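What follows is the residue order along each chain.
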Amino acid sequence: MKTTTKPNKPIVEHIYTADPSAHVFEGKIYIYPSHDIDHDGPTNDNGDQYAMEDYHVLSMDNFASPCVDHGEVLHLRDIPWAKKQLWAPDAAYKNNTYYLFFPARDHDEIFRIGIATSKNPAGPFTPQESYIPGSFSIDPAVLVDDNDKAYVYFGGLWGGQLEKWQTGSFDPNGKEPAPTEPALGPMVAELSEDMLRFKGDPQEIKIVDEAGNPILAGDEERRFFEGAWVHKYNGYYYLSYSTGTTHYIVYAMSKNPLGPYVYKGKILTPVIGWTTHHSIVQFEDKWYLFYHDSSLSGGVNHKRSVKYTELTYNEDGTIQTIDPYKE
Ligand code: FUB
């Protein structure tokens, strides 16, 4: 375990961690990351290199204190419906319960989203027997709104299979839209009171430019790829996400949690490693961006480390772009 945490440095070094979802629970910062592992399997656009098998929970009392690894809180072997690839998780608190939302491939190798529960933010988490009915793709991120309504945002292209669901059912030959067509947006579903089901069918979120035109599939610096996150600031919903092939974290704003969202700009410039994935959280009076890169492993894409840095809003609510390597 490390004894200190510093901005733009790995928060732990004894394991590889990625895809950090940070929350303040019980006055502390809890981080729910993927747990990267090494293996001899293939590396490809299907994401086979991301072969994770368990989750650890990390926490910090504050940003001047050590980062604690609470150990393994859920393992693939204990999830009846899941075959492999425990990818980016998120956690939420409601009903006096902590809910861990996570994607994995089911026994047909189709990505689904599952839930595990605990009475403790540090776990261990007990998985449900099956995945959320009607769920698909990857990277769940949950917003429990001020009115207690809860939404799960999800989706990711390529290995995340989002483009294979455009007809409403799984089409193994599904392709991304042509470059001149609107890009695929992330999906959103309101959650049931008990948090274990979708209230209705998931809807696709529209992301538009300032003129109201949809962001196009060929606009790879702005179009959604994976890793959606929604937070609220000054009455606006901020949808942030990875652009995948161009390696940015960008954001769009809306007055409605379901959108449409208006594209605003870049939050994070590319990191070392192919993937970029983040979360945004307020702790006391400051805002923080949690993200990952592959610097600790010397650039190995599937051996990543979670880091954090401060995030700054401009007066008009826009967010200042962060270069994670600028001293
Ligand atoms: O960690 C596996 C996948 O890589 C995540 O689900 C994506 O967001 C990308 O970070």
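Refer to the structure presented above.
On a predicted model such as this, the values are computed, not experimentally measured, just so you know.

Participant: How should I be thinking about the overall build of the protein in this particular structure?
Facilitator: Scanning the protein for helices and strands turns up zero helices and 21 strands. Relative to a compact globule of 327 residues, whose C-alpha radius of gyration would be 20 Å, the protein shows 18 Å and is just as compact. Principal-axis analysis of the C-alpha atoms gives the protein an extent of 50 × 50 × 45 Å. Counting only residues that meet the buried cut, the protein has 58% of its 327 residues in that class. Within the protein, contacts between residues at least 6 apart in sequence are counted, and of these 53% link residues at least 24 apart. Accessible area for the protein stands at about 13,300 Å²; split by element, carbon and sulfur atoms hold 47% of it. Computed over 28 positive and 46 negative side-chain charges, the inter-centroid distance for the protein is 1 Å.

Participant: Can you walk me through the sheet that holds strand E4 (residues 67–75) in this structure?
Facilitator: Working definition: the strands of a sheet are paired by backbone hydrogen bonds and lie parallel or antiparallel to each other. Strand order in the open sheet formed by four strands is E1-E2-E3-E4, and the pairing between neighbours is antiparallel. Pairing within the sheet leaves two strands with one partner each, and these edge strands are strand E1 (16–25) and E4. Adjacent strand axes in the sheet meet at a mean angle of 25 degrees when their direction is disregarded. The pairing of strand E3 (residues 54–60) with E4 spans six bridges and is classified as antiparallel. Each residue of the ladder has a partner; that of His 56, found in E4, is Glu 72.

Participant: Teacher, can you tell me more about the site of the ligand here?
Facilitator: Taken together, the residues surrounding the ligand are Asp 19, Met 52, Trp 87, Ala 88, Ile 138, Asp 139, Glu 226, Thr 275, His 277, His 292 and Arg 304. At 2.5 Å from an oxygen atom of the ligand is found a side-chain nitrogen or oxygen belonging to Asp 19. Within the side chain of Arg 304, one N or O atom sits 2.7 Å away from an oxygen atom of the ligand. When the ligand is considered free in solution it has 280 Å² of accessible area, and contact with the protein chains removes 99% of it.

Participant: I would appreciate a short explanation of the pattern of salt bridges in the present structure.
Facilitator: Two side chains of opposite charge can pair, provided their charged atoms sit close to one another. The full count for this structure, using the stated rule, is 18 salt bridges. For Lys 83, the salt bridge goes to Glu 109, with nearest N and O atoms at 2.6 Å. Taken together, the positions of Lys 83 in strand E5 (residues 82–84) and Glu 109 in the loop between strand E7 (97–106) and strand E8 (111–118) put the pair 26 residues apart, joining distant regions of the chain. By relative accessible area, which is 38% here, Lys 83 ends up partly exposed. On the basis of relative accessibility, which here comes to 28%, the residue Glu 109 falls in the partly exposed class. Here Lys 286 makes a salt bridge to Glu 310, at a shortest N to O gap of 3.8 Å. Of this pair, Lys 286 sits in strand E20 (residues 286–293) while Glu 310 sits in strand E21 (residues 305–311), and the two are 24 residues apart along the sequence. For Glu 310, a relative accessible area of 38% gives the class partly exposed. Residues joined in a network through salt bridges with shared partners are Asp 19, Asp 36 and Arg 304.

Participant: Even after reading the chapter, I still don't get unusual backbone geometry, so can you show me in this structure?
Facilitator: Most of the time, phi is negative for any residue but glycine, and the peptide bond is trans. Going from Gly 123 to Pro 124, the amide bond is cis rather than trans, its omega being 0 degrees. Examined against the element boundaries, Pro 124 turns out to sit in the loop between E8 and strand E9 (126–127). The backbone of Asn 234 sits at a positive phi, close to 50 degrees, despite the residue not being glycine. Tracing the backbone through its elements, the reader meets Asn 234 in the loop between strand E15 (226–233) and strand E16 (236–242).

Participant: It is not clear to me how the nonpolar core should be interpreted in this structure. Could you clarify?
Facilitator: Nonpolar side chains in soluble globular proteins generally cluster together in the buried interior. Phe 101, Tyr 153 and Ile 207 are the most contacted members of the largest nonpolar core, which has 40 residues in total. Leave out the neighbours within four places in its chain, and Phe 101 touches Pro 89, Asp 90, Ala 92, Gly 114, Ile 115, Ile 132, Pro 140, Val 142, Val 152, Leu 191 and Met 195. In this structure, Tyr 30, Val 57, Val 73 and Leu 74 belong to the second largest nonpolar core, which totals 20 residues.

Participant: Which parts of the structure should I look at to understand the sheet that holds E20?
Facilitator: Taken in spatial order, the three strands make up an open sheet running E19-E20-E21, and their pairing is antiparallel. The strands lining the two open edges of the sheet, one partner per strand, are strand E19 (278–283) and E21. Pairs of neighbouring strands in the sheet enclose a mean axial angle of 30 degrees, with direction left out of account. Note: E19 against E20, six bridges, orientation antiparallel. Its bridge partner being in E20, Val 281 is matched across the sheet by Tyr 288.

Rules used in this analysis
- Residues numbered from 1 in each chain as written.
- Predicted model: local features only at pLDDT ≥ 70, side-chain atom pairs only at ≥ 80, totals over all residues.
- Heavy atoms only, no water.
- Helix = DSSP H or I, 4+ residues; strand = E, 2+ residues; numbered from the N terminus.
- Rg over C-alpha atoms; globule rule 2.2 N^0.38 Å.
- Buried < 20%, exposed > 50% of the residue type's maximum accessible area, 1.4 Å probe, protein only.
- Contact = heavy atoms within 4.5 Å.
- Areas by Shrake-Rupley, 256 points an atom, 1.4 Å probe, with all protein chains shown as cover.
- Lys, Arg positive; Asp, Glu negative; His and termini not counted.
- Charge placed at Lys NZ, Arg CZ, Asp CG, Glu CD.
- Pairing = 2+ DSSP bridges.
- Axes fitted to C-alpha atoms, helices over the stretch in contact; angles between N-to-C directions.
- Near = heavy atom within 4 Å.
- Polar contact = N/O pair within 3.5 Å; in protein donor to acceptor, adjacent residues only side chain to side chain.
- Salt bridge = Lys/Arg side-chain N within 4 Å of Asp/Glu carboxyl O.
- Core = buried A, V, L, I, M, F, W, Y, C linked by side-chain atoms within 4.5 Å.

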